Amino acid sequence: MDHVLDSLLTPSEYQEIAKRLQIFKLLDEGVAHRKIAETLGVGIATVSRGARAFSSNTHVFKDTP
């Protein structure tokens, strides 16, 4: 799968997706938005946007339906 993604995405796009997945993981663990932003070196708006996407699609990110 990594090979496919490497051929489709630029290195910066790949890193952005990785950060967004980390945001989802930390949100699921209950980490505060500000702490996530500090930990990952992203803006609070990026975390807030990720939180909106996560909350409206939680079923997609969980193993159970």
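Residues numbered from 1 in each chain as written. Predicted model: local features only at pLDDT ≥ 70, side-chain atom pairs only at ≥ 80, totals over all residues. Heavy atoms only, no water.

(A) Quick look at the nonpolar core. Membership of the largest hydrophobic core is limited to 11 residues, which are Ile-23, Phe-24, Leu-26, Leu-27, Ile-36, Ala-37, Leu-40, Val-42, Val-47, Ala-51 and Phe-54. Of all elements in the fold, only helix 2 (11-28), helix 3 (33-40) and helix 4 (44-56) reach the threshold of two or more residues within this core. Beyond its immediate sequence surroundings of up to four residues, Leu-40 is in contact with Lys-19, Gln-22, Ile-23 and Leu-26. (Core = buried A, V, L, I, M, F, W, Y, C linked by side-chain atoms within 4.5 Å. Buried < 20%, exposed > 50% of the residue type's maximum accessible area, 1.4 Å probe, protein only. Helix = DSSP H or I, 4+ residues; strand = E, 2+ residues; numbered from the N terminus. Contact = heavy atoms within 4.5 Å.)

(B) Up close: the packing of helix 2 against helix 3. Where helix 2 meets helix 3, the axes come as close as 10 Å, and the angle between the chain directions of the two elements is 145°. Considering how the two elements wind past one another, helix 2 and helix 3 form a crossing that is right-handed. Residues Lys-19, Gln-22, Ile-23, Leu-26 and Leu-27 of helix 2 form the contact with helix 3, whose participating residues are His-33, Ile-36 and Leu-40. Residue classes in the contact of helix 2 with helix 3 are distributed as 5 nonpolar, 2 polar and 1 charged. (Axes fitted to C-alpha atoms, helices over the stretch in contact; angles between N-to-C directions. Left-handed = near helix turned anticlockwise from the far one by under 90°. Nonpolar A, V, L, I, M, F, W, Y, C, P; charged D, E, K, R; others polar.)

(C) Structural detail: the environment of Lys-35. Mapped onto the secondary structure, Lys-35 falls in helix 3. We classify Lys-35 as partly exposed; its relative accessible area is 47%.

(D) Here's a closer look at the pattern of salt bridges. For the coordinates displayed, the defined rule picks out 1 salt bridge. Lys-25 is the partner of Glu-29 in a salt bridge, and the nearest nitrogen-oxygen pair spans 2.7 Å. (Salt bridge = Lys/Arg side-chain N within 4 Å of Asp/Glu carboxyl O.)

(E) Quick peek at helix 4. With 13 residues, helix 4 extends 18 Å from end C-alpha to end C-alpha; this agrees with the ideal 18 Å at 1.5 Å per step. Residues of helix 4 that are buried: Val-47, Gly-50, Ala-51 and Phe-54. All buried residues of helix 4 lie within an arc of 105° about the axis, which places them on one face of the element. Summarising the geometry of helix 4, the exposed residues directed more than 90 degrees from the buried face are Arg-52 and Ser-56. (Expected span 1.5 Å × (residues − 1). Arc of directions from axis to C-beta.)

(F) Examining the packing of helix 3 against helix 4 more closely. In contact at an axis separation of 9 Å, helix 3 and helix 4 are set at 120° when each is read in the N-to-C sense. Compared by their axis directions, helix 3 and helix 4 come out oblique. The two elements helix 3 and helix 4 meet at a crossing, and its hand is right-handed. Along the contact surface, helix 3 presents His-33, Arg-34, Ile-36 and Ala-37, while helix 4 presents Ile-44, Val-47, Ser-48 and Ala-51. Split by residue class, the contact of helix 3 with helix 4 holds 5 nonpolar, 2 polar and 1 charged. (Parallel < 35°, antiparallel > 145°, perpendicular 65-115°, else oblique.)

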